[in-house]
Structure formats: C-alpha cells, structure tokens
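# Breakdown of the fold
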Amino acid sequence: MKLARYVVLAVVVFGLLSRSGLEKERTTILAQGQPGCTVTVQPSQSIQSAIDAAQEGAVICLAAGTFLEDFTIIVTKSLILQGMGLDPQDVQIVAVGWGYPVIRIESWANIEVTLKKLTITKAKLWDASGIKVLGNVKLSLEELQILDNWMYGLEVRDSAWVNLKHSIISNNSLSGLHVGNSAIVSLSNSNISSNGNGLFVSDSARVNLAESIIFNNGQHGLKVTSATAQIERSTIAMNGTHAGCKEADWLCTGITIVGDTHITIVESKIIANADWGM
C-alpha cells in the first residue's frame, strides 16, 4: 500500500511539473507573437515602432483594442498589418492629432503591403485621409472599415495599385475614395456609402468596380474626370442626399462623366439618385 501511494504521488507530481512546463512554454510563445505573426502589438504599444523594427515581409498583428495614434503611421516596406479580432471593429486605429492621414503607404521602389481586419478612422483637417497611398505601391485591403475621416477615406495617387475587397468606406467628408494620376484601384464586394461623394476618379486613373454598392452619398455616387471606370454587377443608388441637392443648388447624379473619359457598365443598376442616373 505504501509503495502504491508513492507511485500515485510521483505520477501526480510529474503531471504538475509537466503542466507547469507547458504553461511556461505557452507563455513564451505568446510573448513572441501569435501563430502566423512575426510580432503581436498591444494597444498600449507603438505600431510605428513595430513597423520600423520589422524585416521585409513581416506579419505585424494588432491585438483587439483601440490604438490611439498621435502621428501618421508610415509604411515604406513590404509587410502585412492585420487585426486579430473577429470583426474589423475589434481593432481600431484612431488619429488623435490633426492634419495628417491615419496611415500613409509610400515607396517609389516596388513594395507589396496588406492591411486586413482593421478600422481606420478620425483623420482631421486637410491632408487628413484614412489611408493615403503614393508611389509604386501594390496594396491589398481586406475586411476594412474606413470611417469618419475629414477628407478621403482612401486616397490613391501616382502609379499605385490597390485591390479593395469585402470592405466599407463610409462617412468621410470629401469623398469615400479618390484615385488620381495613373493609379489603378479594383473594388469588389464593398460598400461605399454616406460620404461627401462616393468615388472620384481623375487624371488618367482607372477604377474597376465589381459586385459593390455605392449609395447614400452626399452629391455624386461616382465622378470620373478624364479617366477610366468599369462597373460590373454593381448598384449605384440614392446618391444626392446633401441639402444642396434637394434645393436644386447642386447637380447630384449617380454617375458624372467629364472630359476624355471611358466608362463601361455591365449588368449594373443606377437607380433613385437625386438628379440623373448618368
């Protein structure tokens, strides 16, 4: 009996020691980052510091919570920045200061950047877009919410290429999306709503819109000036909600075309806009 009791005791002690070792190992792994993450940043830590320290191609994961940013987050290298929440609203990047974009992605060298499962919000005053993209950047945006920014939700210029999918761009004061110069933007399965204007495309830029909705914007749903737009299986509706449209001070349309513009519309609806459909 005494031998059996010692054997049982030894097994229990060994089990406790093993469990303690596993817990210690688990704690170490979590400190280094979640699986698939090069580093995990907490809301009390600096996103910019993590970006500056990261190698090309790093996966920077943001823990659930609100990140209050006093200055623009600047990305000049290839990397992935992704929220770890179940929903984009679980990880919010909020501009605290005035007069700058929340995130600026810029490089004249070819870089590839991905932003995923994030809410980008509260850029204030001029040059205050949610995301500003410049240079030769190739950018993928997946499951984002770009909300309540003073100028544009997303501003894309130069030779940048952006692929936006499964995202919402809403309540941005000037336009939800501005594409200029020779930039190219593809949108799919996305919602552009309740902005000053939905999309503004100019200066030889190109926009491809597929299976998306542009609705309830203040003046125009889509304005294309000397640029190219292709619209497939999408809806442009109920734009022209600003008081100026209702009082006939402004012309408020689903689609406005200006200058040397080429536009293709396939299997799409343009309905219930304040003035003309197009």
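The subject of this paragraph is the state of the cysteines. Inspection of the entire model under this criterion finds two disulfides. The residue that forms a disulfide with Cys245 is Cys252, at a sulfur-sulfur distance of 1.9 Å. One quick way to see it: the torsion about the S-S bond of Cys245 and Cys252 is about -80°, and its sign makes the bridge left-handed. Its relative accessible area of 7% is what places Cys245 among the buried residues. Take the cysteines of the chain that form disulfides and number them in order along the sequence; they join up as 1-2, 3-4.

Let us now look at the packing of aromatic side chains. Enumeration over the complete set of coordinates arrives at zero aromatic pairs. For Lys124, the ring lying beneath its charged end belongs to Trp98, and the centroid distance is 6.0 Å. For Lys138, the ring lying beneath its charged end belongs to Trp161, and the centroid distance is 5.2 Å.

Of all residues in the chain, 88% attain a pLDDT of 70 or more, and the chain-wide mean is 89. Across residues 1–32, confidence stays below pLDDT 50; counting only partners more than four residues off in sequence or on other chains, it has two contacts.

This part takes up the environment of Pro88. Counting through the fold element by element, Pro88 comes out in the loop between strand E5 (79–83) and strand E6 (91–95). Separated by 79 residues in sequence, Pro88 and Ser167 place their C-alpha atoms 9.1 Å apart. Beyond its immediate stretch of four places on either side in the chain, Pro88 contacts Lys117, Leu118, Thr119, Glu143 and Gln145.

Cut-off values and rules
Residues numbered from 1 in each chain as written. Predicted model: local features only at pLDDT ≥ 70, side-chain atom pairs only at ≥ 80, totals over all residues. Heavy atoms only, no water. Disulfide = S-S within 2.5 Å. Buried < 20%, exposed > 50% of the residue type's maximum accessible area, 1.4 Å probe, protein only. Phe/Tyr/Trp six-rings, centres within 6.5 Å; stacked < 30°, edge-to-face > 60°. Lys NZ or Arg CZ within 6 Å of the ring centre and 35° of its normal. pLDDT = per-residue confidence, 0-100. Contact = heavy atoms within 4.5 Å. Helix = DSSP H or I, 4+ residues; strand = E, 2+ residues; numbered from the N terminus.

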